[in-house]
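# Residue-level structure breakdown
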Amino acid sequence: MELERFSYDNKIVRNFAVATLVWGIVGMLVGLVVALQLVWPDANAGEMLTFGRTRPVHTNAIIFAFVGNGIFAGVYYSLQRLLKARMFSDFLSKVNFWGWQSIIVLAAVSLLLGKTTGKEYAELEWPIDILIALVWVSFGINMLGTILKRRERHLYVAIWFYIATFVTVAMLHIVNSIEIPVSLFKSYSWYAGVQDALVQWWYGHNAVAFFLTTPYLGLMYYFIPKAANRPVYSYKLSIIHFWALIFLYIWAGPHHLLYSALPDWAQSLGTVFSIMLIAPSWGGMLNGLLTLRGAWDTVRENPVLKFMVVAVTCYGMATFEGPMMSLKSVNAISHFTDWTIGHTHVGGLGWNGFLTFGMMYWLIPKLYNTKLHSVRMANIHFWLGTLGIVFYVVPMYFAGITQSLMWKEFNPDGTLAYPNFLETVLQIKYAYAMRAFGGSLYLAGAVVMVLNLIKTAAAGSLVANEDAEAPALAKVYQAKAGSHWHRVIERRPVQMLVFSLVLVAVGGLVELVPTFLIKSNIPTISSVKPYTPLELQGRDIYIREGCYTCHSQMIRPFRSETARYGEYSKAGEFVYDHPFQWGSKRNGPDLQREGGKRNNAWHFLHLMNPRQTSTGSTMPTYEWLIKHELDTASTAAKINAMITLGVPYPEGYASQANNDLMKQAEEISADLAKADIEVPSTREIVAVIAYLQRLGTDIKVKDEVVKTAEPVQPETTPTASTDTTATVAQTGE
Amino acid sequence: MGVIYILIGASFLVAAIFLVAFIWAIRSDQYKDDYTPSVRMLHDNPPKQKSNTTD
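The notes below deal with the structure included here. Just so you know, these numbers come straight off a predicted model, no measurement behind them.

Per the secondary structure count, chain A includes 27 helices and four strands. Across the 733 residues in chain A, those meeting the buried criterion constitute 60%. A separation threshold of at least 6 residues defines the contact pool for chain A, and within that pool the share at least 24 residues apart is 82%. Carbon and sulfur atoms make up 67% of the accessible area of chain A, which amounts to about 28,700 Å² in all.

Residues and elements named next belong to chain A. Tracing the backbone through its elements, the reader meets arginine 435 in helix α16 (residues 429–459). Along the sequence, arginine 435 and tryptophan 190 sit 245 residues apart, while their C-alpha atoms lie 37 Å from each other. In this view, arginine 435 contacts Ala35, Leu38, Asp338, Ile341, Phe391, Tyr392, Pro395 and Met396; residues no more than four positions away in its chain are not counted. At 3.0 Å, the side chain of arginine 435 and the side chain of tyrosine 392 are in polar contact.

Residue and element names in this part refer to chain A. Note: strand β2 (residues 179–183) against strand β3 (residues 186–189), four bridges, orientation antiparallel. Following the sheet pairing, glutamate 179 is matched in β3 by serine 189. Linking two consecutive strands that pair antiparallel, namely β2 and β3, is a turn of two residues.

Turning our eyes to something else, we now look at a nonpolar patch on the surface. Residue and element names in this part refer to chain A. A surface patch of nonpolar side chains, about 850 Å² in accessible area, is lined by Trp383, Leu387, Val390, Phe391, Val394, Phe398, Tyr430, Met434 and Phe437. Of all elements in the fold, only α14 (375–408) and α16 reach the threshold of two or more residues within the nonpolar patch. Take the nonpolar patch: its biggest share by element is six residues, from α14. Along the chain, leucine 387 turns up in helix α14. You can call leucine 387 partly exposed: its relative accessible area is 42%.

This part covers the nonpolar core. Core analysis: the largest hydrophobic core is formed by 180 residues, its most contacted members being Trp100, Tyr156 and Phe357 of chain A. The dominant element in this core, judged by the number of residues it contributes, is helix α6 (residues 193–228) of chain A, at 22 residues. Ignoring sequence-local partners within four residues, the contact set of tyrosine 156 of chain A consists of Leu82, Tyr221, Tyr222, Pro225, Val232 and Tyr235 of chain A together with Pro37, Ser38 and Met41 of chain B. Core analysis: the second largest hydrophobic core is formed by 49 residues, Leu607, Trp624, Ile639 and Tyr691 of chain A among them.

All names here are of chain A. In this fold, alanine 73 is placed in helix α2 (residues 51–83). With ten residues separating them along the chain, alanine 73 and leucine 83 place their C-alpha atoms 16 Å apart. Those residues in contact with alanine 73 that lie beyond four places of it in its chain are Val13, Phe16, Ala17, Thr20 and Met360.

Another point: helix α19 (residues 533–544) of chain A. Residue and element names in this part refer to chain A. Under the 1.5 Å per step criterion, the end-to-end length of α19 is 17 Å for twelve residues, consistent within 8% with the ideal 16 Å. α19 sits mainly inside the fold: twelve of its twelve residues count as buried. Of the positions making up α19, those classed as buried are Pro533, Leu534, Glu535, Leu536, Gln537, Gly538, Arg539, Asp540, Ile541, Tyr542, Ile543 and Arg544. Looking one or two places after α19, you find glycine 546, whose phi comes out positive at around 65°.

This brings us to the pattern of salt bridges. All names here are of chain A. Taken as a whole and assessed by the stated rule, the structure comprises 29 salt bridges over all chains. We note a salt bridge from glutamate 684 to arginine 544, for which the minimum N-O separation is 2.8 Å. With glutamate 684 in helix α26 (residues 684–694) and arginine 544 in helix α19, the pair connects residues that are 140 residues apart, well separated along the chain. Overall, the relative accessible area of 17% leaves arginine 544 in the buried class. Residues arginine 694 and aspartate 698 are paired through a salt bridge, measuring 3.2 Å at the closest nitrogen-oxygen approach. With a relative accessible area of 9%, arginine 694 lands in the buried category. Classification of aspartate 698 as buried rests on a relative accessible area of 16%. Through salt bridges with shared partners, one network takes in Arg53, Arg544, Glu545 and Glu684.

A few words now on the state of the cysteines. Residue and element names in this part refer to chain A. This model, assessed by the stated rule, comprises zero disulfides over all chains. Lacking any disulfide linkage, cysteine 547 is separated from the closest cysteine sulfur, that of cysteine 550, by 8.6 Å. Cysteine 550 gets classed as buried once you look at its relative accessible area, which sits at 15%.

Take the interface of chain A and chain B next. Counting from both sides, the interface comprises 58 residues of chain A and, opposite them, 45 residues of chain B. Of the roughly 4,500 Å² buried at the junction of chain A and chain B (both faces included), carbon and sulfur atoms supply 71%. Counting the surface chain A buries against chain B, the share from its top three residues, Arg5, Trp243 and Trp251 of chain A, is 12%. Linking chain A with chain B are three salt bridges. The partner of aspartate 34 of chain B in a salt bridge is lysine 236 of chain A, and the shortest N-O contact between them spans 3.9 Å. Counting across the interface, chain A meets chain B through ten residue pairs in polar contact (both at pLDDT 80 or more). For the side of chain A that touches chain B, the secondary structure elements donating two or more residues are α2, α5 (157–176), α6, α7 (235–249), α8 (264–276), β4 (465–471) and α18 (493–519) of chain A. Looking at the side of chain A that touches chain B, the element that brings in the most residues is α6 of chain A, giving nine residues. Residues belonging to the side of chain A that touches chain B are distributed by class as follows: 40 nonpolar, seven polar and eleven charged.

This paragraph deals with the packing of α8 of chain A against helix α9 (residues 278–290) of chain A. The angle between the axes and the distance between the axes are what describe a pair of packed helices. Residues and elements named next belong to chain A. Contact pair α8 / α9: the axes reach a minimum separation of 5 Å and the direction vectors enclose 25°. Relative to α9, the element α8 is oriented roughly parallel. Taken together, the residues of α9 that come into contact with α8 (itself represented by Ser274, Ile275 and Met276) are Ile278, Ala279 and Pro280. Of the residues that constitute the contact of α8 with α9, the class distribution is five nonpolar, one polar and no charged.

Here we take up the side chain of serine 281 of chain A. Tracing the sequence through the fold places serine 281 of chain A in helix α9. When neighbours within four sequence positions are excluded, serine 281 of chain A is seen to be in contact with Leu245, Tyr315 and Thr319 of chain A.

A word on the packing of aromatic side chains. Residues and elements named next belong to chain A. Summed over the entire model, instances satisfying the criterion amount to 57 aromatic pairs over all chains. Their ring planes at 85° and their centres at 4.9 Å tell us that phenylalanine 161 and phenylalanine 242 sit as a pair that is edge-to-face. With phenylalanine 161 in helix α5 and phenylalanine 242 in helix α7, this pair connects stretches of sequence that are 81 residues apart. Side by side, phenylalanine 161 and phenylalanine 242 carry an identical accessibility label, which is buried. The ring centre of phenylalanine 558 lies 4.0 Å from the NZ or CZ of lysine 408, which sits over that ring. Above the ring of tyrosine 568, the side-chain terminus of lysine 570 is found at 4.0 Å from the ring centroid.

All names here are of chain A. It is at 11 Å that the axes of helix α13 (residues 338–367) and α16 come closest, and there the two elements cross at 10°. Looking at the two axes, α13 sits roughly parallel to α16. Where α13 abuts α16, its residues Asp338, Ile341, Gly348, Leu349, Gly353, Phe354, Phe357, Met360, Tyr361, Ile364 and Pro365 lie against Tyr432, Arg435, Tyr442, Ala446, Met449, Asn452, Leu453 and Thr456. Among the residues making up the contact of α13 with α16, the classes are represented as 13 nonpolar, four polar and two charged.

Bringing unusual backbone geometry into the picture now. Residue and element names in this part refer to chain A. The peptide bond linking histidine 578 to proline 579 adopts the cis configuration, its omega dihedral lying at -5°. In this structure, proline 579 sits in the loop between α20 (559–565) and α21 (600–608). Despite not being glycine, lysine 84 has its phi angle at roughly 50°, a positive value. Relative to the helices and strands, lysine 84 is located in the loop between α2 and α3 (90–112).

Reading guide: rules and limits
- Residues numbered from 1 in each chain as written.
- Chains lettered and ligands numbered in written order.
- Predicted model: local features only at pLDDT ≥ 70, side-chain atom pairs only at ≥ 80, totals over all residues.
- Heavy atoms only, no water.
- Helix = DSSP H or I, 4+ residues; strand = E, 2+ residues; numbered from the N terminus.
- Buried < 20%, exposed > 50% of the residue type's maximum accessible area, 1.4 Å probe, protein only.
- Contact = heavy atoms within 4.5 Å.
- Areas by Shrake-Rupley, 256 points an atom, 1.4 Å probe, with all protein chains shown as cover.
- Polar contact = N/O pair within 3.5 Å; in protein donor to acceptor, adjacent residues only side chain to side chain.
- Pairing = 2+ DSSP bridges.
- Patch = residues over 30% accessible without salt bridge, like charges linked within 9 Å, V, L, I, M, F, W, Y side chains within 5 Å.
- Salt bridge = Lys/Arg side-chain N within 4 Å of Asp/Glu carboxyl O.
- Core = buried A, V, L, I, M, F, W, Y, C linked by side-chain atoms within 4.5 Å.
- Expected span 1.5 Å × (residues − 1).
- Disulfide = S-S within 2.5 Å.
- Buried area = accessible area lost by both parts, 1.4 Å probe.
- Nonpolar A, V, L, I, M, F, W, Y, C, P; charged D, E, K, R; others polar.
- Axes fitted to C-alpha atoms, helices over the stretch in contact; angles between N-to-C directions.
- Parallel < 35°, antiparallel > 145°, perpendicular 65-115°, else oblique.
- Phe/Tyr/Trp six-rings, centres within 6.5 Å; stacked < 30°, edge-to-face > 60°.
- Lys NZ or Arg CZ within 6 Å of the ring centre and 35° of its normal.

What is shown is where atoms sit, not what they do.
Put into structure tokens, the structure is as follows:
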């Protein structure tokens, strides 16, 4: 067999590696800012830099910029070598690189400007969503093209992980991003309420699975054997690992919605699959670690392996903890607390971060045909990073459990032991400070790495095209000349059947989905009404400011929650919520029943300066809401979009919506004037107050009707908090 | 809750793609040899003599 000469494209790998390092530092720096904002509210430096906007920048930067570029760097390096072929198209490689970097820049800018869909980890607005899909597909074509022109018949297990990543992420992204544009940078999710929540967490969970896990497992199966120069412990196990993981992972999403308004059977299904996931996850973890059996002495010497061992160990911890957290009894404690934040950072800092670092220490010297500048610096980085993880994660566990137990603590007389939510925040502020310290250690380590790698690159020179040679792949099957292409399919009845089924399914989905979704948005609770135009505008400002990053709108059916917040959430209450705003973390109290609890003046003062009404509050100030004029020009388009989505506004309502809006705004403005607060009715804060006062009241109204129907009603204190718990059946716990 | 059928459908679609891939992998003898690929990936075989490709 004749040897073919070709070269590997190293330049694209180098470019992605540089992007990984740059965005990694940026993402971690923003993370540190976010951490500090929870300790010192003054760190919320102005409109564009409040927690609600910086937190999505942090999560998106780490997931899609740092880890995303890490995936591309690792895949572009390993794929070429495993397939003994240059990338299919240098042009597509460049499209992938520049396209991805421009998405990142657009994402950062748009998120800071408050352009967000309000769906966690899918916050980017529709034009960027389309760009992501295009760039992702160009990556997929490039990868599949390379696979087709490979010179190595066997597809090494890492490649299977890469393929699964591409296919699944493409589907997740498209399904979750179906939205109706209102303007260039504003859209509403096609789904509403419970449906939106389900789609979002199906996406969110699988983004963890297929963006943060499968590609990195592929990288693990390539870079650990390479760095240790020994084959993986069991190749057979790696194959089982892959197929088992792929078939189980996608069904576990509902575990993010335990005790929510999601039907019980869906919750249980998610839990069962989550528990089953331990098996393949740990199989993979052990396979990675056991690769180093009999070579642990090299781990002591080699910083690359050190990082990778910690990474794989963290993977093992996170994939044990994850299933545990999806047990309902554990989730009752962990959900909405910092426990989740701790859990994600075992994965993020430990698994993704450390595997990336290990990969970079191995890759950069190879690309520049030189040795690592300083092993000592790499060791310093290793210890800064490891201590950083410990100082980050442990306080988060303490914070999460402490706060959850405080939320659930009752006095002997049956009242809440800590009725003021703020008490439970102040109790764990020390942990937030320690977490920021841990984060800065981790960041310092990363800076040391970047310096080390810059010196390394300077000492060598980039091997942009690395020569290689391999025999061409022998053809196994030769199609008979002249026979029709269709014959090939016809000869394979099983594949043909599957193919047709797939086509039919796609066709059916495209046709049925829209109508069918809108139909299921018909309210099941008659008192639930669409938002008024002012409330709708207020809701969009609530989304813009990222209020959902700290405030949930989902009261679980526990006595501790109904006693604190009011009647638990019902699925039927959210039918007009595009998007849903259930949240995933309570840095502040739940707001589902906020409407009517406090008067307009309180909300005004609280938004102006939270510490004026609640001493010690960590919430940012929102003084610009008073300065900004409400954008009433968009009202008509928004109402029309809602009508398209099936929200029952009267026909032609869009044209008169602003009249209603102004009327309601003037009422609120007049009410504020009674408390000596002079604010024009056209300012944004009025809309936000309108929305907050509406929250959860649809069901409350019904309760009050029931109450007034009772014969004797001793004292009514309209300004006091409306406590509906008396009428609520005590459930849960 | 109608949307759950879309999610199940989409998930099944992906699962079906993987099932086809799995059957293909078995049929085309991808897993006939479950040891040597793990060793082979360790060798990158740079060319013996210098080529004329430039950086």
